[in-house]
Amino acid sequence: MDLQAIVDDIVRELEPRLGEGKVADYIPELAKVDPKQFGIAITTVDGDVFTAGDAATPFSIQSVSKVFMLTLALGKAGEAIWKRVGREPSGTAFNSIVQLEHEHGIPRNPFINAGAIVICDLVLAGYKPKEAIGEFLRFVRYLADDETISIDGAVAKSETNTGYRNYALANFMRSFGNLHHDVDHVLGVYFHQCALSMTCAQLSRAGLFLAAKGADPISGYSVVSPKRARRINALMLTCGHYDGSGDFAFHVGLPGKSGVGGGILAIAPGKASIAVWSPGLNKVGNSALGSVALEMLASRTGWSVFGA
Ligand code: GLN
C-alpha cells in the first residue's frame, strides 16, 4: 500500500474545499488562525512517516491533549480515577454542564471538558500547578521524542481570560467535592495543557504507543500496558468526538480525539497513528476537513476497526 500516494491524493482532493467549516472564535487567540490550512501525518508501527500538506505547521492541539493527560493520570492514580469520572459517551457538547447536577458532579467521561478538568485535579495532587504543567510537557516531549514542543502562552492566557464556561464547570464540580484543589490552579493546568502547540508530524509520533499495544515501537520503551492502551482507544472511539462520536465511528471507524484547534489524532491499532489538522470546525466542534480526510484514509487503507 502506497501511503505517501494516499496522503498526497487526500491533500490534492481537499484543496478546493480549504476553508470549509468555522474556526473556533470563543477563544480569541484561536480566531486569528488562517482557516485555509490542512495537514496530515501518518507514523506507522514500523516507524515510517508519511506527511502531506501543512504537516509541519504547529497548531493548538486543544482537547487532543486530553488523551495525554489521561494517560499521565492513569499512571499516577491508576484505576482509582474511575471513582471520579465515568466512561460513558455524553451525547452532549464538549463544554456542557447539564448532566453534572444529576450525576453529583461526576463527569460522564475524561474527554468532555468537565472530565478533563477532574483529570487535571488528579494530576495536580502533590504538585504546584507549574510542576504539573512541566510534568505534562515533559511527558508529551518524551512521547513525541521531540524536545522542541512547547505550550503557546498567548493561547493559554486568551483562554484564561475568557474561559467562563470552564470556570462554571470547575466551580460546580468543586461544590460537589469532585475537585480537591483551588479552581484557579486546576484550570491553570487545564488551560496550559490545551494550549500545547504541535505539528501533525509530532502529534502522530506522540500517539504511536496507542497503535502498538502501549509500547513505543521506535524506542522500544513501554508507555502503558497493552490493556491500558486498549482501554484508552476504547474511550477515544466512544467519547473522543463528543456528541459527534457516533458519526465519527460510522464514517471513519477509528479511535480518535478531536480539538477545537482543528486537530484530530486517530489510531489504527496495530498499524499507525494519524494526525490531521484543518482549523474549520463542523457543528459539533470537530475539524470539518479533518473528519473528511480521515474517512478517505480509512476507506482507502481498510483500517477501520470494524473491518475493511
Ligand atoms: N480548551 C478548550 C475548552 O476548554 C478545549 C475544547 C476542545 O478542544 N473541544 O473549551
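Residues numbered from 1 in each chain as written. Predicted model: local features only at pLDDT ≥ 70, side-chain atom pairs only at ≥ 80, totals over all residues.

*Asks:* Honestly, the nonpolar core in this entry has me stumped. Any pointers?
*Replies:* Among the nonpolar cores identified, the biggest contains 102 residues, and Met69, Ile117, Ile119, Cys120, Val123 and Leu294 are the most heavily contacted of them. With 9 residues, helix H4 (residues 113-124) is the single largest residue contributor to this core. Both domains that furnish three or more residues to this core are identified here as domain 1 (3-62 + 197-301) and domain 2 (65-196). Leu294 has contacts with Val252, Leu254, Gly256, Ile264, Ala266, Ile274 and Val276, leaving out every residue within four places of it along the chain. (Core = buried A, V, L, I, M, F, W, Y, C linked by C-beta atoms within 7 Å. Buried ≥ 20, exposed ≤ 12 C-beta atoms within 10 Å, placed from the backbone. Helix = DSSP H or I, 4+ residues; strand = E, 2+ residues; numbered from the N terminus. Domains from an automatic or database assignment. Contact = placed C-beta atoms within 7 Å.)

*Asks:* Can you walk me through the pairing of strand S8 (residues 272-277) in this structure?
*Replies:* One face of the sheet, then the other: side chains in a regular strand alternate in exactly this way. Most of S8 is tucked away, with 6 of its 6 residues classed as buried. With burial as the criterion, each face of S8 is covered, one bearing Ala272, Ile274 and Val276 and the other bearing Ser273, Ala275 and Trp277. The pairing of strand S1 (residues 39-44) with S8 spans 6 bridges and is classified as antiparallel. Looking at the pairing, Ile42 lines up with Ile274 of S8. For strand S7 (residues 263-268) and S8, the ladder comprises 6 bridges, and the chain directions are antiparallel. Residue Leu265 lies in a different strand from S8, and its bridge partner there is Ala275. Between S7 and S8, which pair antiparallel in sequence order, lie 3 residues; one of them, Gly270, sits at a positive phi of approximately 80°. (Pairing = 2+ DSSP bridges.)

*Asks:* Help me understand the site of the ligand, please; the structure alone is not making it clear to me.
*Replies:* The environment of the ligand is made up of Gln62, Ser63, Phe94, Asn95, Asn113, Glu159, Asn166, Cys194, Gly259, Val260 and Gly285. Considering only residue class, the shell around the ligand consists of 3 nonpolar, 7 polar and 1 charged. Built from parts of two domains, the shell around the ligand gets at least three residues from each of domain 1 (3-62 + 197-301) and domain 2 (65-196). (Near = placed C-beta within 6 Å. Nonpolar A, V, L, I, M, F, W, Y, C, P; charged D, E, K, R; others polar.)

*Asks:* Please clarify how the sheet that holds strand S5 (residues 196-198) should be interpreted in this entry.
*Replies:* Pairing between sheet strands relies on hydrogen bonds along the backbone, with the strands arranged either parallel or antiparallel. Spatial strand order, S3-S5-S4: 3 strands in an open sheet with antiparallel pairing. Strands with a single pairing partner mark the edges of an open sheet, and in this sheet they are strand S3 (59-60) and strand S4 (150-151). Examined bridge by bridge, S3 and S5 share 2 bridges and lie antiparallel to one another. Opposite Phe59, over in S5, you have Met198 as the bridge partner.

*Asks:* I would appreciate a short explanation of the UniProt feature "binding site: substrate" (unreviewed entry) in the protein chain in the present structure.
*Replies:* Summarizing the sequence annotation, UniProt attributes the feature "binding site: substrate" (unreviewed entry) to Ser63, Asn113, Glu159, Asn166, Tyr190, Tyr242 and Val260 in the numbering used throughout. As for its placement among the helices and strands, Asn113 is situated in helix H4. Looking at Asn113, the number of C-beta atoms within 10 Å reads 23, which means it is buried. If we ignore the near neighbours within four places in the chain, the residues touching Val260 are Ala24, Leu30, Gln62, Ser63, Leu281 and Gly285. (UniProt positions renumbered as here; feature names shortened; annotations may be inferred.)

*Asks:* Even after reading the chapter, I still don't get the environment of Arg228, so can you show me in this structure?
*Replies:* Locating Arg228 in the fold gives a position in helix H11 (residues 226-239). Since 19 C-beta atoms lie within 10 Å of it, Arg228 is described here as partly exposed. Residues Arg228 and Lys213, 15 residues apart in the sequence, show an inter-C-alpha distance of 8.3 Å. Apart from residues no more than four positions distant in its own chain, Arg228 is found in contact with Leu74 and Gly214.

*Asks:* Please explain the domain arrangement of the protein chain as it appears in this structure.
*Replies:* How big an interface is tends to be stated in terms of the accessible area lost upon association of its parts. Segmenting the protein chain into domains produces domain 1 (3-62 + 197-301) and domain 2 (65-196). The C-alpha centroid of domain 2 is placed 20 Å from the C-alpha centroid of domain 1. The interface of domain 1 with domain 2 comprises 30 residues on the first partner and 35 residues on the second. Taken together, the elements giving at least two residues each to the side of domain 1 that touches domain 2 come down to S5, helix H9 (200-206) and H11. No other element matches the 6 residues that H11 contributes to the side of domain 1 that touches domain 2. When its residues are assigned to classes, the side of domain 1 that touches domain 2 shows 16 nonpolar, 9 polar and 5 charged.

*Asks:* What is the right way to look at the sheet that holds strand S6 (residues 256-258) in this model?
*Replies:* What the 5 strands build is an open sheet, ordered S2-S1-S8-S7-S6; its pairing is antiparallel. Both outer strands of the open sheet, strand S2 (49-53) and S6, are each paired with one neighbouring strand and no more. Averaged over all adjacent pairs, the angle separating strand axes in this sheet is 10°, with direction ignored. Summarising the sheet, S1 and S2 pair through 5 bridges and their orientation is antiparallel. What sits directly across from Ile40, in S2, is Ala52. Contacts from helix H1 (residues 3-14) reach S1 and S2, with the element oriented near 15° to S2. (Axes fitted to C-alpha atoms, helices over the stretch in contact; angles between N-to-C directions.)

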